[in-house]
There are 2 protein chains.
Amino acid sequence: MADLLETAAEPNRRRLLQLLASGERSVTDLTRNFPVSRSAISQHLLLLADVGLVQARKEGRNRFYSLNAWGMSRLRGSLESFWTAELDLLVADATTLHQTAQGEL
Amino acid sequence: MADLLETAAEPNRRRLLQLLASGERSVTDLTRNFPVSRSAISQHLLLLADVGLVQARKEGRNRFYSLNAWGMSRLRGSLESFWTAELDLLVADATTLHQTAQGEL
DNA sequence: GTAATACGTTAGTGCACACTAACGGATTAT
DNA sequence: ATAATCCGTTAGTGTGCACTAACGTATTAC
């Protein structure tokens with residue numbers, strides 16, 4: 001799983017990135033927000049670190065993970081290059097259609 | 001793989017969505033843009049259809065796949081709810097830092 | 001009509017992923 | 001000091017994914 005966007009897309013990892021947006025957090029602390037084990041979360045974090053989206057800081061027996069701004073910037077770029085103007089047009093039409101349908105109810 | 005964003009994130013499927021942005025295409029036609037088999041592409045298309053991002057139209061012995069505007073609209077929504085304003089701030093800083101670094105060369 | 005060909009899907013396989021269980025390392029309590 | 005506890009990672013396992021090979025079906029050539 002070398003791909004940046006694909007790595008970030010997995011639901012648990014997506015959530016991890018969002019949680020880390022508000023600041024660094026330990027593995028155990030992050031785990032509280034998930035139904036899976038500390039180990040699972042640790043491994044998701046290691047994957048995110050592999051692609052450069054997060055990094056860890058050791059302090060005592062804790063490891064505080066935080067977002068890597070540069071990696072997140074690259075992710076943003078990937079998203080933007082994926083979502084072309086052509087798709088915006090398509091979606092604009094769909095939204096219009098949907099709103100029309102809603103209005104017609 | 002029920003998750004919309006995760007399904008769309010896989011590199012080949014991402015590319016398929018982009019190719020389909022310019023209009024409907026047959027499986028064989030789409031396959032020309034990939035190093036993998038027609039079968040592989042067909043299966044990716046079936047997955048995309050499962051989550052409602054594309055649909056197929058039969059004509060002769062061809063099946064023309066096209067984007068589902070409403071599905072793509074939902075995808076757009078998922079992307080937007082993932083990428084919070086907080087992340088924009090973080091990335092803005094990173095970009096600034098990078099530009100500074102570039103300027104310093 | 002029938003043989004040949006083209007298109008897309010289903011069958012089958014290897015591998016990677018996501019997870020729990022077991023572990024090593026560090027800190028705290030006594 | 002040492003036993004107990006907490007934190008994060010590595011070991012081991014099952015499932016699901018991405019892919020090629022084989023197949024069914026429909027069209028075209030003769």
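Structure: above.
Model, not experiment: these values are computed from the prediction. (Residues numbered from 1 in each chain as written. Chains lettered and ligands numbered in written order. Predicted model: local features only at pLDDT ≥ 70, side-chain atom pairs only at ≥ 80, totals over all residues. Heavy atoms only, no water.)

On to the interface of chain B and chain A, then. Contacts between the two partners involve 31 residues from chain B, matched on the other side by 31 residues from chain A. Three residues stand out in chain B for area buried against chain A, namely Arg14, Phe82 and Trp83 of chain B, and they jointly supply 20% of the buried area on that side. Across the pair arginine 14 of chain A and aspartate 3 of chain B runs a salt bridge, and its minimum N-O distance is 2.7 Å. Connecting chain B to chain A are six residue pairs in polar contact (both at pLDDT 80 or more). Of all the elements in the fold, those that place two or more residues in the side of chain B that touches chain A are helix H1 (4-9), helix H2 (11-20), helix H5 (69-82) and helix H6 (85-104) of chain B. No other element matches H5 of chain B, which puts nine residues into the side of chain B that touches chain A. Partitioned by chemical class, the residues of the side of chain B that touches chain A number 17 nonpolar, seven polar and seven charged. (Contact = heavy atoms within 4.5 Å. Buried area = accessible area lost by both parts, 1.4 Å probe. Salt bridge = Lys/Arg side-chain N within 4 Å of Asp/Glu carboxyl O. Polar contact = N/O pair within 3.5 Å; in protein donor to acceptor, adjacent residues only side chain to side chain. Helix = DSSP H or I, 4+ residues; strand = E, 2+ residues; numbered from the N terminus. Nonpolar A, V, L, I, M, F, W, Y, C, P; charged D, E, K, R; others polar.)

Turning our attention to the sheet that holds strand E2 (residues 54-59) of chain B. Residue and element names in this part refer to chain B. Taken in spatial order, the three strands line up as E1-E3-E2 in an open sheet, and their pairing is antiparallel. Two strands close off the open sheet at either side, each with one partner strand: strand E1 (25-26) and E2. Where E1 and strand E3 (residues 62-67) come together, two bridges link them in antiparallel fashion. Residue pairing in the sheet places arginine 25 in a bridge with tyrosine 65 of E3. The sheet contacts of H2 involve E1, E2 and E3, and relative to E3 the element is tilted by about 90°. (Pairing = 2+ DSSP bridges. Axes fitted to C-alpha atoms, helices over the stretch in contact; angles between N-to-C directions.)

The subject of this paragraph is the nonpolar core. In terms of nonpolar packing, the biggest core is built from 54 residues, with Leu17, Leu53 and Leu75 of chain A together with Leu17, Leu53 and Leu75 of chain B touching the most fellow members. Look past the residues within four positions of leucine 75 of chain A in its chain and what remains in contact with it is Leu4, Leu5, Ala8, Leu17 and Leu53 of chain A together with Phe82 and Trp83 of chain B. (Core = buried A, V, L, I, M, F, W, Y, C linked by side-chain atoms within 4.5 Å. Buried < 20%, exposed > 50% of the residue type's maximum accessible area, 1.4 Å probe, protein only.)

This next bit is on the protein's contact with DNA strand C. If you check the shell around DNA strand C, you find 25 residues, and the closest are Met1, Gln43 and His44 of chain A together with Thr28 and Ser42 of chain B. When the atoms of DNA strand C within 4 Å of the protein are sorted by group, sugar and phosphate make up 58%. The contact in question runs from a phosphate oxygen of DNA strand C to an N or O atom on the backbone of valine 27 of chain B, over 3.3 Å. If you list the elements that add at least two residues to the surface near DNA strand C, you get helix H2 (11-20) and helix H4 (38-50) of chain A together with helix H3 (27-31), helix H4 (38-50) and E3 of chain B. Of the residues in the surface near DNA strand C, the class split is seven nonpolar, 12 polar and six charged. (Near = heavy atom within 4 Å.)

Relative to the assigned elements, arginine 61 of chain A resides in the loop between strand E2 (54-59) and strand E3 (62-67). Between the C-alpha atom of arginine 61 of chain A and that of arginine 25 of chain A, which follows or precedes it by 36 residues, the distance is 13 Å.

Now for the sheet that holds E3 of chain A. Pairing is antiparallel in the open sheet, where three strands are placed in the order E1-E3-E2 (chain A). The open sheet has two edge strands with one neighbour each: strand E1 (25-26) and E2 of chain A.

What follows covers the protein's contact with DNA strand D. As a matter of local geometry, DNA strand D sits amid 25 residues, with Thr28 and Ser42 of chain A together with Met1, Gln43 and His44 of chain B nearest to it. The protein-proximal atoms of DNA strand D, defined as those within 4 Å of the protein, are 57% sugar or phosphate. In this structure, a phosphate oxygen belonging to DNA strand D sits 3.0 Å away from a side-chain N or O atom of arginine 13 of chain B. Contact between DNA strand D and glutamine 43 of chain B: a base nitrogen at 2.6 Å from a side-chain N or O atom of the residue. Those elements that place two or more of their residues in the surface near DNA strand D are helix H3 (27-31), H4 and E3 of chain A together with H2 and H4 of chain B. Taken together, the residues that form the surface near DNA strand D break down as seven nonpolar, 12 polar and six charged.

In screw terms, the move from chain B to chain A is a rotation of 180° and a rise of 0.0 Å along the axis, fitting with an RMSD of 0.0 Å. With respect to symmetry, the two chain copies, as superposed, fit the operation of a two-fold axis. When the interface residues of chain B are mapped onto chain A, 100% of them again lie at the interface, so the same face is used by both copies. (Least-squares fit on C-alpha atoms with pLDDT ≥ 70 in both.)

Residues and elements named next belong to chain B. Viewed as axis vectors pointing N to C, H2 and H4 meet at an angle of 80°, and their least axial separation amounts to 10 Å. With respect to each other, H2 and H4 are oriented roughly perpendicular. Of the residues in H4, those in contact with Asn12, Arg13, Leu16, Leu17 and Leu20 of H2 are Ile41, His44, Leu45, Leu47 and Leu48. A per-class count over the contact of H2 with H4 returns seven nonpolar, two polar and one charged. (Parallel < 35°, antiparallel > 145°, perpendicular 65-115°, else oblique.)

Geometric descriptors of this kind do not, in isolation, establish any biological role.
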